[in-house]
Amino acid sequence: MRRSGVVLVAAVAVLIALVGVLNVKGTVNNVAPTSNGAAPGAQSSALYCTGLTDAHEGLRGVVVYVNTTDQTRHVIVHAVATGAASAVATAFTLGPYARQTVAPTNLVVGGTYALSAEIDGGGVVAEQVVTRDRAQAPCVSEGLTNWYGSGFDSTVGSAAVLSIYNPTATAAVFNVTTFSKTGFLSPAALQGVSVGAHAELTLNLGDEVVATQNFGAQVSVLRGSLVVVEDQVARNSASINSGVTQLSDHGVFPLVTTANGAVAQIRVADPGPAQSTVTFRVHLGKFVIAPQTTTVAPYHSTVVTITPNTAIPAAGEALVTMSATEPVDATLATGVVQGLNLSPLGTASSRPVLADVTGGGYAQATLTNASAVTATATWTLISHGAVLATNSTQVTPGTTVSLGELVGGRQRLAGATLVVTGSTSAWVVNAALVTSPPGTMLATALNGG
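Residues numbered from 1 in each chain as written. Predicted model: local features only at pLDDT ≥ 70, side-chain atom pairs only at ≥ 80, totals over all residues. Heavy atoms only, no water.

Novice: How do you make sense of the sheet that holds strand β5 (residues 99-102) when you look at a structure like this?
Specialist: A sheet is described by the order of its strands in space; here four strands give the open sequence β5-β2-β7-β8, paired in antiparallel fashion. Edge positions in the open sheet fall to β5 and β8 (136-138), since each of these has one partner strand only. The average angle at which neighbouring strand axes cross in this sheet is 25 degrees, direction not considered. (Pairing = 2+ DSSP bridges. Helix = DSSP H or I, 4+ residues; strand = E, 2+ residues; numbered from the N terminus. Axes fitted to C-alpha atoms, helices over the stretch in contact; angles between N-to-C directions.)

Novice: Can you walk me through the sheet that holds strand β27 (residues 375-383) in this structure?
Specialist: Pairing in this open sheet of five strands is antiparallel, and the strands run β28-β27-β30-β25-β33 from one edge to the other. The sheet is open, and its two borders are formed by β28 (386-395) and β33 (446-447), each paired with just one other strand.

Novice: How should the environment of L226 be read in this particular structure?
Specialist: Following the sequence through the fold, L226 ends up in the loop between β15 (213-223) and β16 (227-234). Owing to a relative accessible area of 0%, L226 belongs among the buried residues under this scheme. L226 sits 102 residues away from V328 along the chain, and the two C-alpha atoms are 22 Å apart. Non-local contacts of L226, meaning those with residues more than four positions away in its chain, are made with G143, L144, I164, Y165, N166, P167, A172, F174, V195 and V221. (Buried < 20%, exposed > 50% of the residue type's maximum accessible area, 1.4 Å probe, protein only. Contact = heavy atoms within 4.5 Å.)

Novice: Please explain the confidence of the model for the chain as it appears in this structure.
Specialist: In regions of low pLDDT, the predicted coordinates are not meant to be interpreted in detail. With 92% of its residues at a pLDDT of at least 70, the chain reaches an overall mean of 91. Contacts from residues 1-24, a stretch scored under 50 in pLDDT, to residues over four places away or in other chains number eleven contacts. (pLDDT = per-residue confidence, 0-100.)

Novice: How do you make sense of the nonpolar core when you look at a structure like this?
Specialist: Core analysis: the largest hydrophobic core is formed by 52 residues, its most contacted members being Y65 and L418. If you look at the next biggest cluster of nonpolar residues, it comprises 25 residues, including F253, V256, L284 and V304. (Core = buried A, V, L, I, M, F, W, Y, C linked by side-chain atoms within 4.5 Å.)

Novice: What am I meant to see in the pairing of strand β6 (residues 112-119) here?
Specialist: Regular strands place their side chains on alternate faces of the sheet. Along β6, seven of the eight residues are buried, which leaves the element largely enclosed by surrounding structure. Taken together, the seven bridges between strand β1 (residues 45-53) and β6 define a ladder with antiparallel strand orientation. Across the sheet, the residue bridging to C49 is L115, located in β6. Sheet analysis places strand β3 (residues 73-81) next to β6, joined by seven bridges and oriented antiparallel. Each residue of the ladder has a partner; that of I76, found in β6, is E118.

Novice: Would you take a moment to explain the state of the cysteines for this structure?
Specialist: Disulfide: a covalent bond formed between the sulfur atoms of two cysteine residues. Evaluated as defined, the whole model comprises one disulfide. With its sulfur 2.1 Å from that of its partner, C49 forms a disulfide with C139. Linking C49 and C139, the disulfide has an S-S dihedral of approximately 110 degrees and is accordingly described as right-handed. Taken together, the positions of C49 in strand β1 and C139 in the loop between β8 and β9 (146-153) put the pair 90 residues apart, joining distant regions of the chain. Neither residue differs from the other here; C49 and C139 are each classed as buried. (Disulfide = S-S within 2.5 Å.)

Pasting the structure below:
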């Protein structure tokens, strides 16, 4: 009996140690289901959106569905919300190159909303738009098992919230770990959290990470798969940060404002066990600017200020490239002193879609070849249910070109949809909305398959 007790104690100790490792590193053996794809040739597809709220929570808005194909699509949308008793469904038909706007507040009453769309084919994309300040975030075609977000702010006047939707028919379980300048936290209240099938859940991280500026978070899904975004309300601004599923040791921010009166920061979190030295190279006209370098300790976060910065002149939008000795999560925060909007590091795609769903046009719009070889991008400009123009262009590696110049004038992008296709996942598309000061609100491209 005594030996059995020793074995039991040893087994419990090993289990506790294992749980501790999982809490620190967020490492789980849980693979997300394979997506059925949103590419134009898919027989069916799905789109999931989460993060919009009612007016009280500061992120009231709409979801705009865009058909990028010449085929008719039939769409069924189910809307759920925190605090709502049940889901509500609506259906519509999308003609070739057509759009449809859905306001979740018209479908169901609740605090934070999630929409699940089933489509009888591929090539449909969707974007969430906040009515108040036009903050935007893409909807996604599948759940995930690992998610990173950075740039959270829980100081007075700000709210840092995780909006989480379970798109599957079974309950999901997840852990949340946070990373700040003082290190990592795995609060008990954020471990082993369950969210029901087809349910929406919100977590106010400020309840556990109190009065903290610039912290990162990792969501590790232990069972099932989830759709996760960061709802950040900061004084006079609000944004939905879609985050990333993988850390990066390199990347590009093509449109970083340097305008007088604007603020531009790159907020970096290191969720890994090794220190990372992160270097940002700023390309701005003919100016020669020394690299901005910072070191991030394991499980910590830091910030690099691009604007205002005495080493960087106020001269339009800068192209900022990132390299890191260890993979990190980097988020661009732009705005004014009273509030910042968050945008994740651009992800390269073989078919990015830029849809001006607000109709206000863009101050700038760019296409970057993020690959190591020269590649050809074919672009198609769609407006009012028809193709306006199509053409191809070659872009050398690491080069950013103006989309306005490619399509014959930036004004042609107003209210239009631009589809870029290539044979490889080489393309990063970014755009800046028309704001004052310039460049303080960015639009992220949608992944068209």
